[in-house]
Structures are given as structure tokens and as C-alpha cells.
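# Descriptive analysis of the structure
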Amino acid sequence: MRHGNRRLDIVLALGAAALTLVPWYRIDGGFFGLSWLSSFPMSKGSAPGLLQIASFGRIWILGAVVFLAIAAFARTIKDPAKRGAVLVAAGSLGLAFLTLQGLAIGFSGFTWSINERLFGTLADGQPSMGAGAVLLAFVFVLTLSFGLAERGFMKGDAFIVSCITSLIFLVGVFVFYPIGSMMVAALQDFDGSFNPDGFIKNMRDPGIWSLECLVGGSRCGVAWRTLFLAIMTATGSTILGLAFALVATRTRFPFKKGLRLLTVLPIITPPFVIGLALTLLFGRAGVVTETLSHWFGIEPGRWLYGMTGIWIAQVLSFTPISFLVLIGVVEGVSPSMEEASQTLRADRWRTFWKVSLPLMKPGLANAFLIGFIESMADFGNPLVLGGSHGVLSTEIFFAVVGSQNDPSRAAVLAVVLLCFTLSAFLAQRFWLAGKNFATVTGKGDSGAHIALPRSLSIGVHAIVIPWMIFTVVVYGMILVGGFVKTWGLDNTLTIDHYVRAFSVGIHNGQIAWTGVAWNSFWTTMEIALISAPLTAAVGLLTAYIIVRQKFAGRNLFEFALMMSFAIPGTVIGVSYIMAFNLPPLEMTGSALILIACFVFRNMPVGVRGGIAAMSQLDKSLDEASLTLRADSFRTIRKVVLPLLRPAITAALVYSFVRAITSISAVIFLVSAQYNMATSYIVGLVENGEYGVAIAYSSMLIVVMITVIAGFQLLVGERRLRRENRVAGQQKAQTLPLGQEKTA
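Values in this document were obtained by computation on a predicted structure and should not be read as measured data. (Residues numbered from 1 in each chain as written. Predicted model: local features only at pLDDT ≥ 70, side-chain atom pairs only at ≥ 80, totals over all residues. Heavy atoms only, no water.)

## Quick word on the overall build of the chain
- Broken down by element type, the chain carries 32 helices and six strands.
- In the chain, which comprises 743 residues, the proportion classed as buried is 54%.
- Considering only contacts within the chain whose residues lie at least 6 apart along the sequence, 73% involve residues at least 24 apart.
- Accessible surface, the chain as shown: approximately 33,000 Å² in total, 64% of it carbon and sulfur. (Helix = DSSP H or I, 4+ residues; strand = E, 2+ residues; numbered from the N terminus. Buried < 20%, exposed > 50% of the residue type's maximum accessible area, 1.4 Å probe, protein only. Contact = heavy atoms within 4.5 Å. Areas by Shrake-Rupley, 256 points an atom, 1.4 Å probe, with all protein chains shown as cover.)

## A closer look at a nonpolar patch on the surface
- On the surface, Leu100, Trp112, Ile114, Leu118 and Phe119 cluster together to form a nonpolar patch covering roughly 570 Å² of accessible area.
- If you tally residues by element for the nonpolar patch, the top one is helix α5 (residues 113–119), at three residues. (Patch = residues over 30% accessible without salt bridge, like charges linked within 9 Å, V, L, I, M, F, W, Y side chains within 5 Å. Salt bridge = Lys/Arg side-chain N within 4 Å of Asp/Glu carboxyl O.)

## Thoughts on the pattern of salt bridges
- Per the stated rule, a full pass over the model turns up six salt bridges.
- Across the pair arginine 75 and aspartate 9 runs a salt bridge whose closest N-O atoms are separated by 2.7 Å. Within this pair, whereas arginine 75 is found in the loop between α3 (62–74) and α4 (80–104), its partner aspartate 9 is found in helix α1 (residues 2–20), the two being separated by 66 residues in sequence.
- Aspartate 9 sits in the partly exposed class, given a relative accessible area of 33%.
- A salt bridge links glutamate 689 to arginine 500, with the shortest nitrogen-to-oxygen separation between them at 2.5 Å. In this pair, glutamate 689 is assigned in the loop between α31 (677–686) and α32 (690–715) and arginine 500 in helix α22 (residues 496–502), connecting sequence segments 189 residues apart.

## Quick notes on the packing of aromatic side chains
- By the definition in use, this model includes 30 aromatic pairs.
- Seen from their ring centres, tryptophan 36 and phenylalanine 40 are 5.3 Å apart, and the 80 degrees between their planes marks the pair as edge-to-face.
- Classification of phenylalanine 40 as partly exposed rests on a relative accessible area of 24%.
- Summarising the aromatic geometry, the rings of tyrosine 177 and phenylalanine 580 are spaced 5.8 Å apart at their centres and angled 55 degrees between planes, so their arrangement reads as tilted. Taken as a pair, tyrosine 177 in helix α7 (residues 158–186) and phenylalanine 580 in the loop between α25 (569–579) and α26 (591–614) lie far apart in primary sequence, 403 residues in all.
- What makes phenylalanine 580 buried here is its relative accessible area of 0%.
- Counting every residue linked through ring pairs, the aromatic cluster contains Phe502, Trp513, Trp518, Phe521, Trp522, Tyr680 and Tyr696.
- One Lys or Arg, arginine 7, reaches over the ring of phenylalanine 146 and ends 5.6 Å from the middle of that ring. (Phe/Tyr/Trp six-rings, centres within 6.5 Å; stacked < 30°, edge-to-face > 60°. Lys NZ or Arg CZ within 6 Å of the ring centre and 35° of its normal.)

## Focus: the nonpolar core
- Counting residues in hydrophobic clusters, the biggest one holds 205 residues, and the most contacted among them are Leu136, Leu278, Met360, Val474, Tyr576, Tyr696 and Leu700.
- Ignoring anything within four residues of it in the chain, the contact list for leucine 278 reads Gly283, Leu304, Ile312, Ala313, Leu385, Phe470 and Val474.
- Formed by seven residues, the second largest nonpolar core is a distinct cluster that contains Phe272, Val574, Phe668 and Val682. (Core = buried A, V, L, I, M, F, W, Y, C linked by side-chain atoms within 4.5 Å.)

## Topic: the confidence of the model for the chain
- Per-residue confidence for the chain gives a mean pLDDT of 81; residues scoring 70 or more make up 89%.
- Here residues 720–743 is modelled with pLDDT under 50, and outside its nearest four sequence neighbours on either side it reaches 69 contacts, counting other chains as well. (pLDDT = per-residue confidence, 0-100.)

## Remarks on helix α10 (residues 222–250)
- For α10, which comprises 29 residues, the first-to-last C-alpha distance of 41 Å matches the rise-based estimate of 42 Å (1.5 Å per residue) to within 8%.
- Burial analysis of α10 places 23 of its 29 residues in the buried class, which makes it a mostly covered element. (Expected span 1.5 Å × (residues − 1).)

## Overview of the packing of helix α14 (residues 307–332) against helix α17 (residues 361–377)
- The geometry of α14 relative to α17 is characterised by a closest axis approach of 9 Å and an angle of 155 degrees between their N-to-C directions. It follows from the interaxial angle that α14 and α17 lie roughly antiparallel. Between α14 and α17 lies a crossing whose hand is right-handed. Touching Gln314, Phe318, Ile321, Ser322, Val325, Leu326 and Val329 of α14 are Gly363, Leu364, Asn366, Ala367, Ile370, Gly371, Glu374 and Ser375, all from α17.
- A breakdown of the residues in the contact of α14 with α17 according to their chemical character gives eight nonpolar, six polar and one charged. (Axes fitted to C-alpha atoms, helices over the stretch in contact; angles between N-to-C directions. Parallel < 35°, antiparallel > 145°, perpendicular 65-115°, else oblique. Left-handed = near helix turned anticlockwise from the far one by under 90°. Nonpolar A, V, L, I, M, F, W, Y, C, P; charged D, E, K, R; others polar.)

## Regarding the environment of glycine 328
- Of note, glycine 328 is situated in helix α14.
- Here the alpha-carbon distance between glycine 328 and leucine 644, two residues 316 residues apart in the chain, equals 8.8 Å.

## A look at helix α16 (residues 348–359)
- Counted at 1.5 Å a residue, the expected span for α16 with its 12 residues is 16 Å, and the 15 Å between its end C-alpha atoms agrees.
- All of the buried residues along α16 are Thr351, Phe352, Val355, Ser356, Leu357 and Leu359.
- Its buried side turned inward, α16 meets α10, α14, α15 (335–343), α17 and α21 (454–481).

## Here we look at the environment of threonine 394
- The topology assignment puts threonine 394 in helix α19 (residues 392–401).
- Spatially, the C-alpha atom of threonine 394 lies 9.7 Å from that of asparagine 381, the residues being 13 residues apart in sequence.
- In this structure, threonine 394 is in contact with Phe379, Pro382 and Leu383, ignoring residues within four places of it in sequence.
- Of the polar contacts made by the side chain of threonine 394, one reaches the backbone oxygen of valine 391; its length is 3.0 Å. (Polar contact = N/O pair within 3.5 Å; in protein donor to acceptor, adjacent residues only side chain to side chain.)

## Concerning the packing of α3 against α4
- Interaxial distance between α3 and α4 falls to 9 Å at its minimum, and their mutual angle equals 165 degrees. Between α3 and α4, the interaxial angle falls into the category roughly antiparallel. Seen from above, α3 lies across α4 with left-handed handedness. Here α3 contributes Gly63, Ala64, Phe67, Ile70, Ala71 and Ala74 to the contact with α4, which in turn contributes Arg83, Val86, Leu87, Ala90, Leu93, Gly94, Phe97 and Leu98.
- A breakdown of the residues in the contact of α3 with α4 according to their chemical character gives 11 nonpolar, two polar and one charged.

## Examining the side chain of serine 128
- Within the secondary structure, serine 128 sits in the loop between α5 and α6 (131–150).
- There is a polar contact of 3.1 Å between the side chain of serine 128 and the side chain of glutamate 586.
- The residues touching serine 128, leaving out its near neighbours within four places in the chain, are Tyr25, Arg26, Phe107, Leu582, Pro583, Pro584, Leu585 and Glu586.

## Some points on unusual backbone geometry
- Of note, the amide linkage connecting phenylalanine 40 to proline 41 takes the cis form, showing an omega dihedral of 5 degrees.
- If you trace the backbone, proline 41 turns up in the loop between α1 and α2 (49–56).
- Put simply, proline 583 and proline 584 share a cis peptide bond, and its omega is 10 degrees.
- You can see proline 584 is positioned in the loop between α25 and α26.
- Despite not being glycine, methionine 154 has its phi angle at roughly 55 degrees, a positive value.
- By the element assignment, methionine 154 lies in the loop between α6 and α7.
- Positive phi, close to 60 degrees, is recorded for lysine 155, a residue that is not glycine.
- Tracing the backbone through its elements, the reader meets lysine 155 in the loop between α6 and α7.
- Residue classification places lysine 155 among the exposed positions, given a relative accessible area of 85%.

And the structure:
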């Protein structure tokens with residue numbers, strides 16, 4: 001009772017502060033710029049909520065005050081059930097009221113004609129919500145959460161309930177609201193009236209659904225072309241990722257550190273660079289093409305520009321994601337189960353096929369799903385290598401920014417893509433349904449992983465070694481490209497590109513960043529370092545809730561999280577512009593919209609990786625902690641997180657890298673003040689400054705490798721009470737379960 005009252009008192013105090021101590025509306029110079037302090041609280045632009053009501057006639061804010069007062073009144077009710085009911089009502093109605101008044105009243109007055117007919121014309125409107133309104137919205141979310149906990153939801157665990165409601169609220173604001181805004185616009189005419197003709201016309205377009213390729217035609221519709229490419233990419237990246245994970249954990253391969261570096265390189269490469277490197281190698285005037293033509297008389301062709309080239313680039317780009325997901329799962333397979341299989345006279349191949357591989361199913365399914373969705377949403381590789389073979393993501397881009405200017409077509413293509421990705425998600429759920437993959441329990445599990453079957457070991461080495469050589473060649477071309485005068489034409493060595501991009505001088509005794517790339521570089525690092533921990537934290541917390549908690553709507557909640565990952569970045573960028581360019585939330589041109597886009601675009605990777613890893617953690621670990629009277633927060637911090645270190649590292653690495661290398665959504669959201677590295681590189685490529693673009697990309701790769709190493713050092717390694725080396729090697733000293741070895 002005392003703990004519940006203390007939590008509620010803190011939340012009510014935050015609500016009072018939201019109405020009295022901070023500006024209610026958005027500050028043009030930014031809240032954290034603190035320029036509003038000079039005119040606070042009497043200025044109309046920076047006044048808090050209560051003064052907006054009393055001094056500036058914005059009486060509609062009074063509704064929020066009333067609902068906060070009802071929540072304060074609930075503090076005096078002794079019966080927990082009644083107090084919970086009042087808190088639920090105050091929180092939900094207060095949040096609904098804030099949302100409706102924000103949507104209904106714009107800069108010049110009512111935004112809906114029905115309101116003008118009911119209430120008359122407003123003399124004055126309102127700007128977008130600011131710090132005060134946003135803080136009060138979160139107060140109402142927490143009030144609702146505490147009320148549900150008082151009424152016994154999730155066994156009265158206020159922390160878990162608050163996490164669930166907060167995540168639902170954030171997903172609603174940053175996923176459903178922008179996508180819904182774009183869909184509504186697709187069903188409207190230019191004057192805002194309802195007109196679905198464009199949507200229906202595009203849905204019937206044979207260019208989307210044509211199956212001519214099955215009856216001897218030249219090509220399939222863009223939907224089937226994209227689906228086939230996604231299946232091939234997901235299959236290739238999953239097989240390669242598993243091969244890399246097996247070589248890294250189950251063999252005596254002598255270059256494991258180099259292997260891990262090469263698997264990370266493609267994922268930390270800025271967009272267009274892999275496509276340009278492949279063009280330099282295999283294009284009509286590429287090094288390999290000209291060599292084959294000179295030696296064997298093979299006529300140069302355009303085979304690279306189409307589905308084959310896109311597939312090679314996507315497999316090269318997305319295999320590292322599969323590797324990051326699978327390596328923790330491969331390490332987590334119990335050696336005792338493999339030893340038990342061999343004790344029953346099964347050979348190594350049968351043990352791997354019947355015991356080890358089935359226990360890797362969560363990782364394989366998640367790696368395939370991520371590869372499938374990544375291929376569906378990929379924008380950079382198809383843009384460079386697609387030629388006339390467009391895919392859904394590029395078709396959406398040209399429907400939005402090209403001469404078509406057809407938001408209805410973009411919406412139809414986005415719906416088609418979403419149906420494909422959600423179908424893959426359902427298939428994955430069906431495959432894993434009803435199966436238990438827990439191999440990490442509270443019991444000791446000593447032993448060593450068995451060696452791979454000889455034929456399998458030869459097979460994975462035959463896959464990994466050529467791919468490593470191919471990756472080295474591709475990145476060798478990238479490295480050389482930054483030191484030649486004109487990439488592919490004039491191969492004179494020079495460092496002018498690096499000097500132009502990253503020169504440093506001394507001006508008035510101070511360091512001056514004179515290179516043209518420094519502004520976008522520092523902006524990119526700042527936003528990436530802020531968004532990466534947020535993405536990892538939200539993703540892994542969501543994974544814990546999905547795997548460990550049961551509540552109504554859990555499956556729908558998981559679907560909602562996948563939406564931001566399933567929809568191409570071009571659609572995300574356009575929908576954010578349409579949703580957050582006007583009240584109630586105006587964030588365009590700010591760093592906040594970029595951070596929000598990165599967090600909710602990349603969060604599903606942390607979720608899927610966390611789900612795959614947590615599927616191997618027995619629930620008895622959580623239950624033992626809770627039985628010993630630890631709350632959910634302490635259980636997560638002390639028991640679950642130390643066993644999820646591979647998933648934490650994967651989430652941090654991926655979210656940080658994607659914040660730097662994303663282009664499809666970023667290109668719509670950057671501004672003059674907040675220009676990201678990828679957008680700047682695209683501008684360089686468009687201007688034909690390939691050398692500077694490659695130099696900038698090379699510098700980003702070096703920086704990302706350094707930061708990734710720092711993440712791994714900070715997080716450390718999971719160390720289970722068993723020996724994870726191949727049988728036959730000298731056993732090392734092991735640590736008890738839960739005790740961690742840092743890198």
C-alpha cells in the first residue's frame with residue numbers, strides 16, 4: 001500500500017509540474033535550448049498549461065486539469081479495487097482527451113468542420129504539443145497503469161503493467177499514427193474529401209500482380225518479383241549465417257577473429273557502397289568483366305543489373321544480421337544433450353541433425369524472418385543495381401517523389417508488402433508453436449560441444465572461405481576507391497578526397513573542423529549514440545514481456561511491433577513527414593524525429609534477437625527469483641540480462657550501425673541543421689564526387705568498428721557453466737552460472 005501510494009504521489013507531482021513548471025506548447029528553438037527561460041512564464045508561446053487557461057483563453061486545456069484532479073482524488077480512496085477503477089478511468093479519459101483536443105484544434109482553430117458546427121468558430125487555435133502536454137500524457141499513461149495494477153492485472157506488478165502500457169502508447173504514436181495518417185491521405189482527394197478511386201485503381205494494376213513470367217512472358221509483376229527475391233535472400237543469408245556461426249563456435253578455424261570482423265563489415269557499410277563496388281568488379285567496364293573479356297573473349301553483359309545483382313548485394317549485406325542472431329543460439333545448445341545422444345550410439349551427423357539443429361530452430365526462424373523483411377524493405381541495393389527491374393521499395397519511392405506523385409499507389413504497394421511480411425511472420429509462429437527450446441536452466445551443465453561431422457565441417461568451410469575471400473575483394477575495391485583520383489577512370493593515387501572531407505586546421509588558437517564532412521559526421525554520431533541504447537533497451541524489454549508475460553492482445557502487440565520493420569523506409573519517412581509536420585505533434589526538422597524513427601524502425605531486431613535468446617532460458621530462473629521476493633525489475637536486471645549478453649550486443653551493434661547507414665527513411669527526415677552521413681553521401685554520389693563519398697564511407701566504417709568493439713567490451717560475454725569448446729580441445733576453467741567474464 002505504501003509503495004503504491006508513493007508511486008502515485010510521484011506521478012501526481014509530475015502532472016502538477018507539467019501544468020505549472022514547463023511550457024505547454026512546442027518551443028521553436030527547442031525545449032532543451034532553454035531560450036524560453038527568458039520569457040517564461042508570461043509569454044504566450046512559453047506559458048505553462050494553467051496560465052494558458054487563465055491568461056490566454058485556451059480553456060480546452062481545463063479538461064486535462066480535471067482528469068488529473070480525479071486521479072489525485074483517487075489517492076484518498078482506501079479500497080484498492082475502487083481506487084484502481086478511478087485511476088483507470090482518469091488515466092484513459094485524460095489521455096483520450098489530450099489526443100482528441102490535439103487533433104481537433106490546429107493553428108487557426110478547429111480542424112474538423114463538425115466541431116465548428118457544434119461549437120462555433122474559435123477565435124484562436126493552438127501550436128503543437130510541447131514538453132508540458134507530452135509530460136502530462138505520460139502521467140496519464142502511468143496513472144492508467146497503476147490503476148490496472150491495483151485491480152490485479154499482471155498479478156498487480158506495477159512495473160510490468162507500466163512497461164506494457166507505455167510500449168503500447170509509444171507504438172501507437174510512432175507506428176500506427178504515422179502509417180494511419182498516410183493511409184488516410186491515400187483515400188482522400190487533394191481538397192481532403194474522401195475519394196478511394198485512386199486506391200482501387202492502383203490495387204488492380206497488372207504491373208503489381210502480373211504472372212506473365214510463368215507463361216513465357218518477359219517479367220512478373222513487382223509484387224511477385226519482390227517476394228521471390230526476399231525468399232532467395234532470406235534463404236541465402238540464413239544458410240551463410242549458420243555456416244559462419246558453426247565455424248566460429250564449433251571448429252578450430254584459425255582465423256576466427258578475422259571471420260567475425262568480415263561478417264560485421266557488410267552491415268556497417270553505408271548504402272550504395274557495396275552496389276558501387278560490385279559494379280566496379282562485375283559491371284560492363286568492371287575489373288573482372290574486362291579481365292574475362294581479355295583472357296577468354298567473353299562478351300561483357302549486363303547480368304549484374306537486375307535481380308541477380310540485387311540478390312548478391314543483399315546476401316552480402318544481410319548475412320551479418322543472421323550471424324549475429326544465430327551465434328548466441330548456436331552457443332546456447334546444451335552439450336549434455338549432444339553427449340546423451342552419443343551415449344545412445346548416435347553418430348555425430350545424426351546428433352547434429354536430430355538434436356543440435358532442432359534446438360537452433362528459434363534462431364533459424366528469426367534469422368530467416370529478418371532476412372526476408374530486410375530484403376523486402378531494402379532500398380539502396382535495388383536503386384543501384386535494379387536497372388529496369390524495380391521492387392516494391394523503389395516503386396514506392398518513385399511513386400512518392402517521382403513524377404507520378406501518387407500517394408495512393410505508394411499506399412497500395414505498402415499494403416502489399418505488409419501482407420507479405422506478416423504472412424512470413426505467421427508462418428514462423430506456426431512452425432515454432434507448441435515447442436520448447438529451453439537449454440539454459442539453473443542447473444549445472446558441464447561438458448563440451450561435440451565436433452561437427454566431418455562432411456558438414458568440410459561443407460561449411462567450403463562456404464565460408466570463398467565468401468570471406470569475396471568479401472575481402474569487395475572491400476579492397478572500396479578501400480582503393482578512396483585513394484584514386486577518379487574511381488574507375490583515373491587510378492592515380494591521391495589523398496585529396498580525405499583532405500577535402502576531413503581536414504582540420506587551427507583558427508585563432510582553436511581547432512577548426514574545416515572538412516566538408518565534419519558537420520554531418522558529428523550529427524550522425526550524436527544521434528546514433530543516443531538512439532542505439534534506447535533501441536536495445538526497448539527491444540529487449542519488449543522481448544521479455546512477449547516471452548515471459550501473458551496478457552490479452554499479446555499477439556496483436558507483437559504484430560504491431562513488426563509493422564515498423566516490415567514497411568520500407570521510404571514509407572516510414574513519408575508517413576513521418578505527413579504525421580509530424582502539423583499539430584498535435586510537430587517534430588520535422590529536429591533531431592527528435594530522427595531518433596524516434598531509428599528507435600521504432602530498428603527495435604524489432606532487438607525484439608526478435610531477444611525472443612530467440614529468451615526461448616532458451618528456462619522460466620524456472622525467473623520464478624526462482626520472484627519466489628525469493630525479488631520484483632520484476634530486479635529479476636530482469638540480475639537474472640535475465642546477464643544471460644542475454646549476446647542479444648544485448650546484437651541489439652546495440654545493429655541499432656547503432658543502422659542509425660548511421662540508414663538511407664531510405666532518413667533522406668526524407670534530414671534538415672539543414674541535422675543532416676545525416678548517408679544523406680550527405682547520396683548528395684556526393686549525385687554530384688559525381690565518388691572519391692569523397694568513398695573516403696567518407698571508409699571513415700564511417702573505421703569509426704563503427706571502433707564503437708562496436710567498445711560495445712562488446714562494455715557488455716562483456718555470457719559465460720555459462722559448461723565448456724563451449726569443441727570436444728578434444730583442452731578444457732578451460734569454467735565459472736559458476738551467472739558469474740560473467742568480460743571481454
